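Take a look at the letters that make up each chain.
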Amino acid sequence: MAMRGGVFRGTVTDAPDFDPSADAEALYSAMKGIGSDKEAILDLVTSRSNAQRQEVIAAYKSNFGKDLIDDLKYELTGKFERLIVSLMRTPAYHDAKEIHDAVKGAGTNERCLIEVMASRTNQQMHDMVAAYKDAYGSDIEEDIIADTSGHFKKMLIVLLQGTRDESGVVDADLVEQDAQDLYAAGEEQWGTDEAKFIMILGNRSVTHLRMVFDAYEKIAEVSIEDSIKSELSGDFERLMLAVVQCIRSVPMFYAKRLYKSMKGLGTADNTLIRIMISRSEIDMLDIRECFRLRYETSLYNMIKDDTSGDYKRTLLNLCGGDDDLAGEFFPEAAQIAYKMWELSAMTKVQLRPTLRPAASFDPAADAQALRKAMKGFGTDEDAIIDIVAQRSNTQRKSPQNKDGIFLYSSCCELIIGLMLTPAEFDAKMMRKAMEGAGTDEHALIEILVTRSNEEIHAMNAAYQNAYKKSLEEAIQSDTSGHFCRILVSLVQGAREEGPADVERADADAQELADACNAESDDMEMKFMSILCTRSFPHLRRVFQEFVRCTNKDIEQIVKKEMSGDVKNAFYAIVRSVKNQPSYFADRLYKAMKGLGTDDRALIRIMVSRCEVDLFNIRKEFKETHDVSLHEFIQVETMIVSRSARLLTLLFGVFGFSSHLCVSVEFFFVLFFFVSWPLS
């Protein structure tokens, strides 16, 4: 069982007053007769440690002359059977089976290989190798070699040896040398010396490599993760990234794997089962904390929402509890939170658009082609899309296209948005968020939080020019209370600019910490005075020091201590400060998940970011949700397209489905922004 600082970090422990014969009798009774008492089985199995389960298996055979695992396989079915049976295997034999299934099934499950091989200790590796030989009569190394290739295979074999330095001794000179060698093997030269990456990342100690990664970032001015993404590719890249993540924090690595197993299209049950079983007696508490730190919900609640039946109950028992109401971090999670803000402050992100000015641009020819596309009966949407979605905003605003907005009004709102300047578009989106019945507070927050001072000033001018009223006045008439004050503060476009002031950041962090103990109104005003005015680099330092002052993360404080639109506004600021492309990726995901699609949010983000950082947003979307933004939009396109055709056939009135048809055109345009391959 895993101990950290003398404290057990698992969720499944030895049951007190344990009697293996009594447990064997209880399981036999639960499976006797027609049907089985699944609740009794799962409650008993998940409340015993793995070592105790092995004693129960032995007692079952001794008492009844039958194999317990065989009986469980016979009585149970589906995912629940897979989960319960896997719990009955020892950790080494469970790992061995996972590797065997990964290399001997139909195709190779590289993600399983990566997860297991990147995260196990030397002793766990040795035990797995022995268990594999005993269970399957073959050599695990030979089977991996036969089923993999290239540098991916080489790194797997290095990890399989279980020879990573575990002495804990760090040589400062070797740290600098390794950092320099990694830089020379990748960023500094044309091509990559993969062997150097394999040797250092596959053998050096965890403590040593953490120091190497810090030294590397100072030399290369990019994180080791970013270098791996740019220098390596395919399964080898994914394996090396997994190794780095495990070096930084095994619990955070597993928190990410668990999130991805339950997000996106469907649930990766094999991954979910493997992790919940393998970490339940090691570090599940730390994984839960890291999960809470990184995502908007507890692991417990995500499992509850994403699974069902006895399978869900068993997983929840292994999870051990709901952290949504938890307060302070465990030491592991506090250290990770502090480090995350430190990395956020150090990482230099190069913003990359997906839409650039077209070469050989001929505005007169474009204008003529567009006029032709909309002339006569019907509209040639493909021709319009081909032109508009492959021109920069400046090119679209060419004098020859002065009638563009009038022409495009027959196509769709997205095309119209593309024909406006960024300031005009933002002003229009702010207007739409406040007009009619109800207010789209999320849109107001998103725009005002993510725009620069210059962009806000331009938007204010565009709003005044278009609607003969100041944007500030419009906000004041449509919102109220502290939320209104936050928006009015942001719409001034007066956020400080420049790097962090370390001394002032420490003072700001302490003020925020003190405010957490104040009355609600005082707390919100203090948060507003700092979060709405300080520069983003400065706020990164403030939020990092806030963890040190309070042993809490600013995100959790905002979510737990505030409510409504005020909470949403402050949370958006914190997320944007930490990683703005990630914030937009999350907004896109929420716009498309569940029943219905928030077309306006999709339009707003795709139009406003396509010439700024949509490439970065795509990468964050893929990293977080394990599905590309292109694939996610494609699913929505299929749904809308089929809905349009179905309604047309059902009602026989083309006008009824015209709105849905416009949505199809809208998605086609989106493809131009997201379909270019990541590189």
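About the thresholds
Residues numbered from 1 in each chain as written. Predicted model: local features only at pLDDT ≥ 70, side-chain atom pairs only at ≥ 80, totals over all residues. Heavy atoms only, no water. Helix = DSSP H or I, 4+ residues; strand = E, 2+ residues; numbered from the N terminus. Buried < 20%, exposed > 50% of the residue type's maximum accessible area, 1.4 Å probe, protein only. Areas by Shrake-Rupley, 256 points an atom, 1.4 Å probe, with all protein chains shown as cover. Contact = heavy atoms within 4.5 Å. Salt bridge = Lys/Arg side-chain N within 4 Å of Asp/Glu carboxyl O. Axes fitted to C-alpha atoms, helices over the stretch in contact; angles between N-to-C directions. Parallel < 35°, antiparallel > 145°, perpendicular 65-115°, else oblique. Left-handed = near helix turned anticlockwise from the far one by under 90°. Nonpolar A, V, L, I, M, F, W, Y, C, P; charged D, E, K, R; others polar. Phe/Tyr/Trp six-rings, centres within 6.5 Å; stacked < 30°, edge-to-face > 60°. Lys NZ or Arg CZ within 6 Å of the ring centre and 35° of its normal. Core = buried A, V, L, I, M, F, W, Y, C linked by side-chain atoms within 4.5 Å.

When helices and strands are tallied, the chain shows 40 helices and two strands. Scored against the burial criterion, the 679 residues of the chain give a buried share of 52%. For the chain, the exposed surface amounts to about 30,000 Å²; the carbon and sulfur share of it is 50%.

Below, the discussion takes up the environment of Ser470. Along the polypeptide, Ser470 turns up in the loop between helix H29 (453–467) and helix H30 (471–478). Note on Ser470: relative accessible area 22%, which makes it partly exposed. Remark: the alpha-carbon pair of Ser470 and Asn460, spanning 10 residues in sequence, is separated by 6.9 Å. Filtering out sequence-adjacent residues up to four positions away, Ser470 remains in contact with Tyr463 and Gln464.

This paragraph deals with helix H19 (residues 299–306). The set of residues buried in H19 consists of Leu299, Asn301, Met302 and Ile303. Of the surrounding elements, those touching the buried residues of H19 are helix H16 (250–262), helix H17 (269–279), helix H18 (284–294) and helix H20 (309–319).

Let's shift gears to the pattern of salt bridges. What the rule picks out here adds up to 32 salt bridges. Here Glu496 and Arg504 are joined by a salt bridge, their closest N and O atoms 2.9 Å apart. Classification of Glu496 as partly exposed rests on a relative accessible area of 30%. A relative accessible area of 31% means that Arg504 is categorised as partly exposed. Each of Glu98, Glu115, Arg257 and Arg274 takes part in a single network of salt bridges with overlapping partners.

Relative to each other, helix H28 (residues 441–450) and helix H36 (residues 564–592) sit at 60°, their axes nearing to 9 Å. Relative to H36, the element H28 lies oblique. Like other packed secondary-structure pairs, H28 and H36 cross with a definite hand, here right-handed. Here Glu441, His442, Ile445, Glu446, Val449 and Thr450 of H28 lie close against H36, whose contacting residues are Asp565, Asn568, Ala569, Ala572, Ile573, Ser576, Gln580, Tyr583, Phe584 and Arg587. For the contact of H28 with H36, the class distribution of residues is seven nonpolar, five polar and four charged.

Within the secondary structure, Ala24 is located in helix H1 (residues 20–30). Judged by its relative accessible area of 0%, Ala24 is buried. Note: C-alpha distance between Ala24 and Ala58 (34 residues apart in sequence) is 8.8 Å. Beyond its immediate stretch of four places on either side in the chain, Ala24 contacts Val56, Ala59, Tyr60, Asn63 and Phe64.

Let us look at H20. When we look at burial in H20, the residues that qualify are Tyr311, Thr314, Leu315, Leu316, Leu318 and Cys319. Residues of H20 that are buried in the fold lie against helix H2 (38–46), helix H5 (78–87), H17, H18 and H19. Gly320 sits one or two positions beyond H20 and adopts a positive phi of about 95°.

Running from N to C, helix H34 (residues 536–550) and H36 point in directions that differ by 105°, and their axes come no closer than 9 Å. Considering their axes alone, H34 and H36 lie roughly perpendicular with respect to each other. Where H34 approaches H36, its residues Phe536, Leu539, Arg540 and Phe543 are matched on the opposing element by Ile573, Val574, Ser576, Val577, Lys578 and Gln580. Residue composition of the contact of H34 with H36, grouped by class: six nonpolar, two polar and two charged.

What follows covers the packing of aromatic side chains. This structure, assessed with the given rule, holds 15 aromatic pairs. Judged by centre distance (4.8 Å) and plane angle (55°), the rings of Tyr463 and Tyr467 are tilted. A residue pair is termed a helical-turn pair when its members lie 3 or 4 positions apart in one helix, as Tyr463 and Tyr467 do in helix H29 at four residues. Of the residues examined, Tyr463 reaches a relative accessible area of 2% and is grouped as buried. The partly exposed category is assigned to Tyr467, whose relative accessible area is 26%. By way of ring pairs, the aromatic residues Tyr28, Tyr60 and Phe64 are connected into one cluster. Above the face of the Phe615 ring, Arg352 is positioned so that its terminal group lies 3.8 Å from the ring centre.

This part is about the nonpolar core. In terms of nonpolar packing, the biggest core is built from 193 residues, with Met276, Met430, Phe527, Phe543 and Phe570 touching the most fellow members. Among the elements that take part in this core, H36 stands out by supplying 15 residues, more than any other. In this structure, Phe543 is in contact with Trp341, Leu512, Leu531, Ile554, Val574 and Val577, ignoring residues within four places of it in sequence.

This next bit is on the environment of Asn301. Within the secondary structure, Asn301 is located in helix H19. By relative accessible area, Asn301 is classed as buried at 13%. A C-alpha to C-alpha distance of 9.3 Å links Asn301 and Gly321, two positions 20 residues apart in sequence.

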